[in-house]
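Descriptive analysis of the structure
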Amino acid sequence: MTAASAPQEFSLRQLLRWTWQVIRPAPWLIAAAAGADLVVTLGNQAQAQLFARVLDQIRALAGPSAAGAHPSFGLAYLLVVTVVLLPLFAFAARTISAFADSRMLEQLQLSLHDKLLRLGVEWHDRHDTATSVQLVDRIARGAQPALSMAAKYPLVQAIGLCTGSGLLSLNLGQSLKTPWEIQAIGFALLLGLPFVAWRLSNRVRASNAAVQAAETSVSAEVLNSLSLPGDIQTIGAAPQRSLRMAERLRAAAKARFMMAVNIELPNQLSQALPTLLQALFLVYAVLAVATASTIDPNAIGAIVAIYLLVPMVVNPLISLINFFTGLNAQWPMFQMFGEVLDAEPRTMDRPDASDWPANGSQVSLVGVRFSYAPGAAKILDGVDYRFEPGKLTAIVGRSGSGKSTIIRLLTRLREPTAGEIRMGDVPLGRIKLDALRRNVAIVGQKALFISDTVRANFKLADPGASDADIEAMCKKTKFWNILLDKQPSAPLDLTMSRDGEPFSGGQCRIFAVTRALLRRPAVMLLDEPTTGVNPLQLEELAAQIREACSGITTIAVEHDCDFILGLADQVCALDAGRFAQVGEPSRLAAEPGVFHDMLEARRRLAASGVQMKTEAFPAPTIGGKAIPAPMAAQAGALKIAAGSPMKSMPT
Ligand SMILES: Nc1ncnc2c1ncn2[C@@H]1O[C@H](COP(=O)(O)OP(=O)(O)O)[C@@H](O)[C@H]1O
Ligand SMILES: [Mg+2]
């Protein structure tokens, strides 16, 4: 995310909130996985205790009271049963976890995807698309296991820690008669030492930063050396450069070594801790038995139980600490998708939002002002106009004059800074977004296509449209013949690419208009219909649009005034944030003003051989001489026909 806020500290509240959002659709699954994990943890502890009791019974067998069926058989039998059952429980726990994990990931990716769709252009303007893609894909896959752990792991481990400590205390107190002070010291060691390991591991982060810095300076030195290699040779700087490079490399090697040491120390400590503590407790237990005046018959079992239980208390603690340390280190990643999960679209339905009004096709702008940010340049500075219902009005203006901005305002992708847009008698902001999207169709400067069949592309606008509906609409806009040309049998099954291939620029436009009409909109908005269209197709395109949009209130914004002459019923010329001129195109063309000036400028350009639509290419010439305009247009068209990647820049 380009505009990501500064990284913040780990926050348990945020973690729990995001975790809840992800597990909400299937909390019982996580509960089942946690339950199964708990059964395994408690089962292991019970097994240790059981084993100790069996040993006691066996020892008692050697005693004087041994006679008949001894209870040790029952206990041994129970032990065997748990030994067999525990792997089965562990298998069940893993299976449930795997299922829960895959459901959670599915949910997380879908909610990120849907949220990114709902956040709209305003959010995407501020955020990098490539990062958003990574977020739904790689980052979500990396974060999900941690969120799933966060939902169950601390609870399971904490319960395991408590029961393990309880059993340990039972064995120490009852069988070995350990005074509470000694027990307290034992538990302090048990619970305190893992924290020492954790404190040590905190140094890893600092040494990691040192390695990063050292490696960056190595790269910088390589860049220094290679920026002008010739000069380095000629001024005899090579030995100096080599010396400096050697210094940097030595510093980097030292930093890496220190990091390895800093990683290994806590590593070894936390690995050795369970055995170390086991040994300590064992020594104590043996000493306690050896020095006791009377030996409890269960003492041997207690010693074995203590030996087995110590790791069961230390390990959950170590892994809990590791878990939270890992979360802390990866916190920036969680923040990235937390930002998306928490974000709300700026444009939402008001509580008093109403449906589409009956006279909604009467669109008017009332004193509309707009700038993209507070204090930024005013793009629109008081625009007043009432569009003629059922007619095609063109808004013309130079590049950057604010034409597309008006379209964004009309679709509520942006809100006016002042003034109001009305659909019939209802202000745009008071119409339910859903109703607005159904009734106002937009064909953007670059039409949206997905790499799928033609049918799937039509269904983006109307999922309920049948093949017959699509065919009827295509016939109305004359797009059907184009489709039949490409694929005579089952034309709707034709697959296309995201940039509209195999259709030409003009065909893509008609495709997009046809698709928009499938929604039977009351208002149609066209943003620069000539973008990416071969100049030779413009006349045909104008006729097709007129035919397709007849009877619908249509607002087209366009910088190509020649095209507008053949298209619009009315023209509004946008200049300095206002409609400087309004009227019929032929009248405006004849009177002095913005429209006339733009028309003239375009014709002069065309006459000089530079096609507006092919402005990315130099003016075609023959033997160094400019070709006359009509031929030049054809030459431009030939380039396009030959498959040049012609897509004129959005204006
Ligand atoms: N998202 C944005 N943030 C800030 N400025 C913008 C944004 N979009 C467009 N602008 C600026 O607003 C002005 C009008 O843009 P636009 O309406 O796209 O012009 P055009 O008439 O070419 O369609 C331009 O100066 C443009 O640079
Ligand atoms: Mg534009």
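The residue numbering used here restarts from 1 in each chain and proceeds along that chain's sequence as written. For this description, chains carry letters from A and ligands carry numbers from 1, given in the order in which they are written. Only residues with pLDDT of at least 70 are given local features in this predicted model, and only at 80 or more are side-chain atom pairs given and counted; all residues enter the totals for whole chains, interfaces and linings.

So, about the overall build of the chain. Note on conventions: DSSP H or I runs of at least 4 residues are helices, E runs of at least 2 residues are strands, and numbering of each starts at the N terminus. In terms of helices and strands, the chain carries 20 helices and 14 strands. Only the C-alpha atoms count toward the radius of gyration. The rule for a globule is 2.2 Å times the residue count to the power 0.38. Since a compact globule built from 651 residues should have a radius of gyration of about 26 Å, the 38 Å found for the chain marks it as more spread out than a globular shape. Taking the principal axes of the C-alpha coordinates as reference, the chain spans close to 125 × 75 × 50 Å. Field definition: a residue is buried when 20 or more other C-beta atoms are found within 10 Å of its C-beta, exposed when 12 or fewer are, and partly exposed for counts in between, with C-beta atoms placed from the backbone. The proportion of buried residues among the 651 residues of the chain is 33%.

Moving on: the packing of helix H5 (residues 180–227) against helix H8 (residues 299–329). The geometry of a pair of packed helices is captured by two quantities: the angle between their axes and the separation between those axes. Where H5 contacts H8, the two axes come as close as 10 Å, and the packing angle between them is 25°. Looking at the two axes, H5 sits roughly parallel to H8. For H5 against H8, the interelement crossing comes out right-handed. The residues of H8 that touch H5, namely those facing Leu190, Leu191, Pro194, Trp198, Ser201 and Arg205, are Val313, Val314, Leu317, Ile318, Ile321, Thr325 and Ala329. Put simply, Ala, Val, Leu, Ile, Met, Phe, Trp, Tyr, Cys and Pro go in the nonpolar bin, Asp, Glu, Lys and Arg in the charged bin, and everything else, Gly too, in the polar bin. Classifying every residue of the contact of H5 with H8 by side-chain character gives 10 nonpolar, 2 polar and 1 charged. For every element, the axis is a line fit to its C-alpha atoms; helices are fit only across the contacting stretch, and the angle between N-to-C directions ranges from 0 to 180 degrees. Convention used here: angles under 35 degrees read as roughly parallel, angles over 145 as roughly antiparallel, angles from 65 to 115 as roughly perpendicular, and any remaining angle as oblique. In this scheme, a crossing is called left-handed if the near helix is turned counterclockwise away from the far one by less than a right angle; it is called right-handed if the turn is clockwise. Contact between two residues is assigned when their C-beta atoms, built from the backbone, lie within 7 Å.

All right, on to the nonpolar core then. Core analysis: the biggest nonpolar cluster contains 75 residues, and Val396, Leu525, Leu567, Val571, Ala573 and Phe595 have the highest contact counts within it. The dominant element in this core, judged by the number of residues it contributes, is helix H15 (residues 505–517), at 7 residues. By size, the runner-up hydrophobic cluster in this structure holds 27 residues, among which are Leu168, Ala299, Leu308 and Leu309. Put simply, a nonpolar core is a cluster of buried Ala, Val, Leu, Ile, Met, Phe, Trp, Tyr and Cys residues tied together by C-beta atoms within 7 Å.

Buried residues dominate strand S3 (residues 392–396), accounting for 5 of its 5 residues. Taking every second residue as pointing to the same face, both faces of S3 are buried, with Leu392, Ala394 and Val396 on one and Thr393 and Ile395 on the other. Any two strands with at least two DSSP-identified bridges between them are counted as paired. In terms of strand pairing, S3 meets strand S10 (residues 553–558) through 5 bridges, oriented parallel. Counted as the bridge partner of Leu392 is Thr554 from S10. Here S3 pairs with strand S11 (residues 570–575) via 4 bridges, running parallel. If you follow Ile395 over to S11, its bridge partner there is Cys572.

The next point concerns the site of ligand 1. Residue proximity rests on one test: whether the C-beta atom, placed from the backbone, lies within 6 Å of the molecule or strand. As a structural note, the neighbourhood of ligand 1 is formed by 12 residues, with Tyr372, Gly400, Lys403, Ser404 and Thr405 the closest of them. If one sorts the elements of the shell around ligand 1 by residue count, helix H10 (residues 403–410) sits on top with 3 residues. Tallied by class, the residues present in the shell around ligand 1 amount to 2 nonpolar, 8 polar and 2 charged.

Let us now look at the domain arrangement of the chain. The domain limits used here are those given by an automatic or database domain assignment. Once the domains are mapped, the chain shows domain 1 (1–177 + 327–346), domain 2 (179–291) and domain 3 (363–641). When each unit is reduced to the centre of its C-alpha atoms, the spacing between domain 2 and domain 3 is 62 Å.

Here we take up the sheet that holds strand S1 (residues 363–371). Taken together, the 4 strands give an open sheet; going across it, the order is S2-S1-S4-S5, and neighbouring strands pair in antiparallel fashion. Edge strands, defined here as strands with exactly one partner in the open sheet, are strand S2 (378–386) and strand S5 (426–427). Relative to S2, S1 is paired through 6 bridges, and the arrangement is antiparallel. Along S2, the bridge assignment pairs Ser371 with Lys378. Most of the contacts of H10 go to S1, to which it runs at about 115°, and overall it touches S1, S2 and strand S4 (418–423).

Moving on: the sheet that holds S11. One open sheet accounts for 6 strands, arranged S6-S9-S10-S3-S11-S12; its pairing is mixed. Pairing within the sheet leaves two strands with one partner each, and these edge strands are strand S6 (440–443) and strand S12 (578–583). Looking at each pair of strands side by side, their axes are set apart by 20° on average, direction ignored. Taken together, the 5 bridges between S11 and S12 define a ladder with antiparallel strand orientation. Counted as the bridge partner of Ala573 is Gln581 from S12. The strands that H15 touches are S6 and strand S9 (523–527); relative to S6, the one it contacts most, it runs at about 170°.

On to unusual backbone geometry. In this structure, the amide linkage connecting Glu501 to the following residue, Pro502, adopts the cis form with an omega of 15°. In this structure, Pro502 sits in the loop between strand S8 (495–496) and H15. Phi at Arg520 takes a positive value of approximately 50°, unusual for a residue other than glycine. With respect to the helices and strands, Arg520 occurs in the loop between H15 and S9. Positive phi values are uncommon outside glycine, yet Ala576 reaches one of about 50°.

Two elements in contact, helix H1 (residues 12–23) and helix H4 (residues 129–175), have axes separated by 9 Å at closest approach and are oriented at 100°. Classified by the angle between their axes, H1 and H4 sit roughly perpendicular to one another. Facing Leu15, Trp18, Thr19, Val22 and Ile23 of H1, the residues of H4 in contact are Leu147, Ala150 and Ala151. Residue classes in the contact of H1 with H4 are distributed as 7 nonpolar, 1 polar and no charged.

Pairing analysis gives 5 bridges linking S1 to S4, with the strands arranged antiparallel. Bridge pairing in S4 links Ser364 to Arg422. Connecting S1 to the next strand, S2, in antiparallel fashion are 6 residues, including Gly375 with a positive phi near 85°.

Extensive coverage of H10 is indicated by the burial of 8 of its 8 residues. Looking at H10, one finds that the buried residues are Lys403, Ser404, Thr405, Ile406, Ile407, Arg408, Leu409 and Leu410. Of the residues one or two after H10, Arg412 is the one with positive phi, at around 60°.

The residue His596 is located in helix H19 (residues 594–607) in this model. Judged by the 16 C-beta atoms lying within 10 Å of it, His596 falls in the partly exposed class. For His596, the contacting residues outside a window of four places in its chain are Leu588, Ala589 and Glu591.

With that out of the way, let us pick up the confidence of the model for the chain. On average, residues of the chain carry a pLDDT of 83, and 91% of them reach 70 or more. The predictor attaches a confidence to each residue, called pLDDT, with possible values from 0 through 100. Summarising per-element confidence for the chain, the mean pLDDT is lowest in helix H20 (residues 629–641) (35) and highest in S1 (95). Below pLDDT 50 for its whole length, residues 612–651 participates in 58 contacts with residues either more than four positions away or in separate chains.

Glancing now at the environment of Lys475. In this structure, Lys475 sits in helix H13 (residues 467–476). Residues Lys475 and Gln330, spaced 145 residues apart in sequence, show a C-alpha to C-alpha distance of 56 Å.

Moving on to the environment of Asn457. On the secondary structure map, Asn457 appears in helix H12 (residues 454–459). With 24 C-beta atoms counted inside 10 Å, the residue Asn457 sits in the buried group. Expressed as a C-alpha distance, the spacing of Asn457 and Arg515, which sit 58 residues apart in the sequence, is 8.1 Å. When neighbours within four sequence positions are excluded, Asn457 is seen to be in contact with Phe449, Ile450, Asp452, Met496 and Arg515.

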